[in-house]
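# Structure assessment
If you want the building blocks of each chain, they are given just below.
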Amino acid sequence: MGYAQLVIGPAGSGKSTYCSSLYQHCETIGRRIHIVNLDPAAESFDYPVAMDIRELISLEDVMEELKLGPNGGLIYCMEHLEENLDDWLSEELNNYLDDDYLVFDCPGQIELFSHVPVLRNFVDHLKRNNFSVCGVYLLDSQFMTDVTKFISGCMASLSAMVQLELPHVNILSKMDLVTNKRDIEDYLNPEPRVLLSELNQRMAPQFEKLNKSLIELVDEYSMVSFLPLDLRKESSIQYVLSQIDNCIQYGEDADVKVKDFDPEDD
Ligand SMILES: Nc1nc2c(ncn2[C@@H]2O[C@H](COP(=O)(O)OP(=O)(O)OP(=O)(O)O)[C@@H](O)[C@H]2O)c(=O)[nH]1
Ligand SMILES: [Mg+2]
């Protein structure tokens with residue numbers, strides 16, 4: 001059994017930075033993880049790249065040869081990945097051991113996890129290869145300034161959850177930039193009733209029924225639970241990681257690995 005995180009979320013929400021901080025954290029505590037780049041447009045990395053979609057296809061070539069723009073080009077690259085799951089991905093996965101832990105750094109184009117089937121098929125392929133996979137959805141805390149943005153962030157995350165059908169962890173990223181923690185606290189574990197009343201205050205009266213349905217939806221899917229992530233704090237990274245590990249039942253094997261690092265063995 002392998003383990004994997006699929007790191008998704010809107011453009012610029014901090015996915016690649018999260019991957020690199022996670023890598024550093026794991027290096028510090030002596031835990032083996034591998035970060036995979038799935039973004040054909042990525043140019044530089046703060047982490048060692050274990051697998052790289054750019055070895056399969058180059059966005060630059062696609063844009064030039066097919067006369068596509070950056071987003072159409074990206075979709076083409078991802079569809080190419082989809083067609084090569086059995087060849088390229090399976091072959092790459094062969095390099096990893098049974099209990100290895102892979103973290104996939106995805107592109108930020110939101111259509112990839114709302115209605116384009118590429119990532120769904122990617123995940124299904126991982127599952128067929130015996131990986132236990134968790135969707136890790138990052139949302140930028142900078143946008144959590146009012147209830148309407150919170151709800152639209154929840155909806156985007158929900159569409160990823162419905163599309164991918166994975167255990168799902170929501171993260172509020174860039175907590176170091178939040179100056180007034182109290183503003184955010186309202187959205188970390190909010191009362192549905194409070195959200196509804198805020199929403200009704202913000203919107204014209206004809207939206208009241210819609211607002212009620214939206215809040216019920218968000219509440220029923222337990223979407224209103226975000227883990228705050230402050231990358232300056234090891235404890236924050238560790239907590240988020242432990243929650244994700246829990247979701248994919250990574251644990252018993254970890255004990256074995258810790259023993260491997262026992263200095264007495266040297
Ligand atoms: N202050 C602060 N800035 C952050 C944090 N995480 C990311 N950033 C900044 O936010 C910007 C986007 O970060 P990335 O990690 O590239 O975001 P991404 O989600 O990988 O972006 P795409 O791959 O383009 O979708 C960069 O300028 C980062 O330096 C954080 O925790 N704190
Ligand atoms: Mg990125």
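Residues numbered from 1 in each chain as written. Chains lettered and ligands numbered in written order. Predicted model: local features only at pLDDT ≥ 70, side-chain atom pairs only at ≥ 80, totals over all residues.

Going by an unreviewed UniProt entry, the protein chain carries the name GPN-loop GTPase 3 and comes from Liquidambar formosana. What the UniProt record of the protein chain gives under Sequence similarities (unreviewed entry) is the line "Belongs to the GPN-loop GTPase family." The heading Function (unreviewed entry) in the UniProt record of the protein chain holds the text "Small GTPase required for proper nuclear import of RNA polymerase II and III (RNAPII and RNAPIII). May act at an RNAP assembly step prior to nuclear import." (UniProt positions renumbered as here; feature names shortened; annotations may be inferred.)

The subject of this paragraph is the overall build of the protein chain. Of the regular secondary structure elements, the protein chain holds 11 helices and 7 strands. Against the 2.2 N^0.38 benchmark of 18 Å for 266 residues, the protein chain shows a C-alpha radius of gyration of 20 Å, consistent with a compact globule. When the backbone C-alpha atoms are referred to their principal axes, the protein chain occupies close to 65 × 55 × 30 Å. The contacts of the protein chain with a sequence gap of at least 6 include a subset with a gap of at least 24, amounting to 76%. (Helix = DSSP H or I, 4+ residues; strand = E, 2+ residues; numbered from the N terminus. Rg over C-alpha atoms; globule rule 2.2 N^0.38 Å. Contact = placed C-beta atoms within 7 Å.)

Low pLDDT marks regions whose predicted coordinates should not be analysed in detail. On average, the protein chain scores 91 in pLDDT, and the residues at 70 or more come to 93%. Note that residues 258-266 has pLDDT below 50 and, in this model, 1 contact with residues that lie over four places away or in other chains. Among the prediction metrics, the complex's ipTM stands at 0.99, with pTM recorded as 0.92. (pLDDT = per-residue confidence, 0-100.)

With 62 residues, the main nonpolar core has Leu6, Val7, Phe104, Val133, Val136 and Ile171 as its most contacted residues. Among the elements that make up this core, the one with the highest residue count is strand β5 (residues 131-140) (7 residues). No fewer than three residues from each of domain 1 (2-185 + 226-251) and domain 2 (190-224) sit in this core. With sequence-adjacent residues up to four places away left out, Phe104 is seen in contact with Ala4, Gln5, Leu6, Val7, Val36 and Leu38. (Core = buried A, V, L, I, M, F, W, Y, C linked by C-beta atoms within 7 Å. Buried ≥ 20, exposed ≤ 12 C-beta atoms within 10 Å, placed from the backbone. Domains from an automatic or database assignment.)

Around ligand 1, 15 residues are found, and the nearest of them are Gly14, Lys15, Ser16, Thr17 and Gly108. Considering each element in turn, the shell around ligand 1 owes the most residues, 3 residues, to helix α1 (residues 15-28). For the shell around ligand 1, the class distribution of residues is 4 nonpolar, 7 polar and 4 charged. (Near = placed C-beta within 6 Å. Nonpolar A, V, L, I, M, F, W, Y, C, P; charged D, E, K, R; others polar.)

This next bit is on the environment of Val36. Position of Val36 relative to the elements: it lies in strand β2 (residues 34-37). Taking the C-alpha atoms as reference points, Val36 and Ala50, separated by 14 residues in sequence, lie 5.4 Å from one another. Here Val36 is in contact with Ala50, Met51, Leu102, Val103, Phe104 and Asp105, once residues within four sequence places are set aside.

On to the sheet that holds strand β6 (residues 168-173). The parallel open sheet is built from 7 strands, whose spatial order is β3-β2-β4-β1-β5-β6-β7. In this open sheet, the two strands that pair with only one neighbour each are β3 (49-52) and β7 (227-228). As defined by bridge partners, β5 adjoins β6 across 6 bridges and the pair is classed as parallel. When the sheet's bridge partners are listed, Gly135 is paired in β6 with His168. The strands touched by helix α10 (residues 234-247) within the sheet are β1 (2-8), β5, β6 and β7, with β6 carrying the most contacts at an inclination of about 165°. (Pairing = 2+ DSSP bridges. Axes fitted to C-alpha atoms, helices over the stretch in contact; angles between N-to-C directions.)

The next subject is the domain arrangement of the protein chain. Bring the parts together and some accessible area is lost; that lost area is often taken as the interface size. Each domain of the protein chain was delimited in the assignment, giving domain 1 (2-185 + 226-251) and domain 2 (190-224). Summarising the inter-unit geometry, the C-alpha centres of domain 1 and domain 2 are found 28 Å apart. In this complex, domain 1 contributes 6 residues to the contact, which on the side of domain 2 involves 8 residues. Per-class residue counts for the side of domain 1 that touches domain 2 are 4 nonpolar, 2 polar and no charged.

Of all 6 residues in β6, 6 are buried, a share of seventy percent or more. Both faces of β6 are covered, namely the face carrying His168, Asn170 and Leu172 and the face carrying Val169, Ile171 and Ser173. With helix α6 (residues 147-164) bridging β5 and its parallel neighbour β6, the resulting β-α-β unit is right-handed. (Right-handed = clockwise from strand over helix to strand, strands pointing away.)

Even without glycine at this site, Glu165 takes up a positive phi of about 50°. Relative to the helices and strands, Glu165 is located in the loop between α6 and β6. A positive phi angle, near 60°, is found at Lys174, a position not held by glycine. Along the chain, Lys174 turns up in the loop between β6 and α7 (181-188). Overall, Lys174 belongs to the buried group, with 21 C-beta atoms counted inside 10 Å.

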